[in-house]
Amino acid sequence: MTLGIYIHIPFCVKKCPYCDFTSFTPETLPEDQYITALIREMEVRRAEVVEDVKVETVYFGGGTPSLLSPNSVKNLLIAISKEFTLKEPEITIEVNPGTVDLDKLKGYRDAGVNRLSLGIQSLNDRLLSVLGRIHNRKEALNAYESARKAGFQNIGIDLIHSVPGELLSDWKGDLKEAISLRPEHISAYNLTVEEETHFFRQQEKGLLALPKEEEQVAMFLETERILEGAGYEHYEVSNYAIPGFRSRHNQIYWKGGEYLGLGVSAHSCISGRLSVVSGQTNCGKRTANTSNLEEYFRLIKEKGNAIIEEEALTREKAMGEAVFLGLRMMEGIDLSYFKDRFGIGIDAAYPDAVNDLMEDGLLDSGGGHLRLTKKGILFLNDVSVRFV
Ligand code: SF4
């Protein structure tokens, strides 16, 4: 009976050209108004889950949560601890290196944050400029050093490869420098060009010089080789950790756990097991909040939640998602857990897909798990469409 809480902070200093997350760049941050709304939303939505639920993770994501003052973070965490029992929680805040100094990071630590996700993206000034980031290499390294000085012993850093103009040697340089810092966790994402971004419009005009597909594959393969060689476990398609330091919060998503999302555009998934109105469906419901900031403030004031979409999860949909998300984990899907949860084995639920993908060498089984092969990781999208 555990829950993760996600808090979306939809404010940024400047919009990056590749970003499709919900974020705004107001001249003046409506910080107090937003924190007050988040607390009201959390208190009202508390009633959706069973009384004895325990919160095991709190995650401040964005946008740029590190635009918040430590005091705001502290007030939110105090409010959460009044409503919920916290179970040795992992409390993470995403930090943009261009928005913090030692005092602010110490303030987050004192507020109760025990994990940082540092959005370094690259340690190459040329590529940081292409990505439109507000920080440079020196600021990224300073932020990392300050985080250690502030007492953080669990730091994740985010890196992006396959940036326009990036060479394999650039990426290898980023990886080698990253491991020399020895963060507990490294997320290494392949840049994807999302619709409605500046990069997408550039691509449409033929003006975006992404590395060729084989170069992107080489960067992915080098990531695994270099990071595993340095003692990081490759535990999810894009995520690596020193043993014992996997992201607990993100594993809630990949393993089909329950989470309550607060703030603009946040999503929640509360299963029948945790919901106080269970029985409507045995797989629970998913909700989505409005992406409009003014509407968010209005809805929270009027009714205490900002939900604009609600979907009852059918068994079929929940099964498809369990496969799609579970395959992202390198250990794969626990076949007996799947059968207990849905009352049917994966191979019985998807006989053609499982057989075809195993024959094609994209899936493998063993040790009671179904997982992607190395080749399957490279064709993740093709595998996923067979289940959703
Ligand atoms: S800082 Fe992060 S959330 Fe903000 S625009 Fe850039 S990528 Fe998007």
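These numbers come from a predicted model, not from an experiment.

> Is there a simple way to explain the overall build of the protein chain in this structure?
A count of helices and strands for the protein chain gives 16 helices and 15 strands. In terms of C-alpha radius of gyration, the protein chain reaches 21 Å, essentially the compact-globule figure of 21 Å for 388 residues. Overall, the C-alpha framework of the protein chain stretches about 55 × 55 × 45 Å when taken along its three principal axes. Put simply, 71% of the contacts in the protein chain that link residues at least 6 apart link residues at least 24 apart. With an accessible surface of roughly 17,300 Å², the protein chain has 49% of that area assigned to carbon and sulfur atoms. The centroid of the 44 positive side-chain charges in the protein chain is displaced by 3 Å from the centroid of its 57 negative side-chain charges.

> Can you help me understand the site of the ligand in this one?
Close contacts around the ligand come from Cys12, Lys14, Lys15, Cys16, Tyr18, Cys19, Gly63, Thr64, Asn96 and Arg133, and that covers them all. Split by residue class, the shell around the ligand holds 4 nonpolar, 3 polar and 3 charged.

> Help me out: how do you make sense of the pairing of strand E6 (residues 185-190) in this one?
Two faces belong to every sheet, and in a regular strand the side chains alternate between them. One ladder, built from 6 bridges, connects strand E5 (residues 155-161) with E6; its direction is parallel. Following the sheet pairing, Gly156 is matched in E6 by His185. Handedness of the β-α-β unit built from E5, helix H6 (residues 168-181) and E6 comes out right-handed. Two elements, E6 and strand E8 (residues 239-241), share 3 bridges in a ladder whose sense is antiparallel. In the sheet register, His185 faces E8, and the bridge partner there is Ala241.

> Honestly, the domain arrangement of the protein chain in this entry has me stumped. Any pointers?
Often the size quoted for an interface is simply the accessible area lost on bringing the parts together. According to the domain assignment, the protein chain consists of domain 1 (2-251) and domain 2 (332-384). In this assembly, domain 1 packs against domain 2 so that about 400 Å² is buried in total across both faces, 81% of it on carbon and sulfur atoms. Among the residues of domain 1 in contact with domain 2, Phe220, Glu224 and Val237 are the three that bury the most area, contributing 72% of the side total. At the boundary of domain 1 and domain 2, one finds 1 salt bridge. Across the salt bridge formed by Lys374 and Glu224, the nearest N and O atoms sit 3.1 Å from each other. Counting across the interface, domain 1 meets domain 2 through 1 residue pair in polar contact (both at pLDDT 80 or more). Of the residues forming the side of domain 1 that touches domain 2, the biggest block, 3 residues, is contributed by helix H8 (residues 213-229). Across the side of domain 1 that touches domain 2, the residue classes tally to 3 nonpolar, 1 polar and 1 charged.

Analysis parameters
- Residues numbered from 1 in each chain as written.
- Predicted model: local features only at pLDDT ≥ 70, side-chain atom pairs only at ≥ 80, totals over all residues.
- Heavy atoms only, no water.
- Helix = DSSP H or I, 4+ residues; strand = E, 2+ residues; numbered from the N terminus.
- Rg over C-alpha atoms; globule rule 2.2 N^0.38 Å.
- Contact = heavy atoms within 4.5 Å.
- Areas by Shrake-Rupley, 256 points an atom, 1.4 Å probe, with all protein chains shown as cover.
- Lys, Arg positive; Asp, Glu negative; His and termini not counted.
- Charge placed at Lys NZ, Arg CZ, Asp CG, Glu CD.
- Near = heavy atom within 4 Å.
- Nonpolar A, V, L, I, M, F, W, Y, C, P; charged D, E, K, R; others polar.
- Pairing = 2+ DSSP bridges.
- Right-handed = clockwise from strand over helix to strand, strands pointing away.
- Domains from an automatic or database assignment.
- Buried area = accessible area lost by both parts, 1.4 Å probe.
- Salt bridge = Lys/Arg side-chain N within 4 Å of Asp/Glu carboxyl O.
- Polar contact = N/O pair within 3.5 Å; in protein donor to acceptor, adjacent residues only side chain to side chain.

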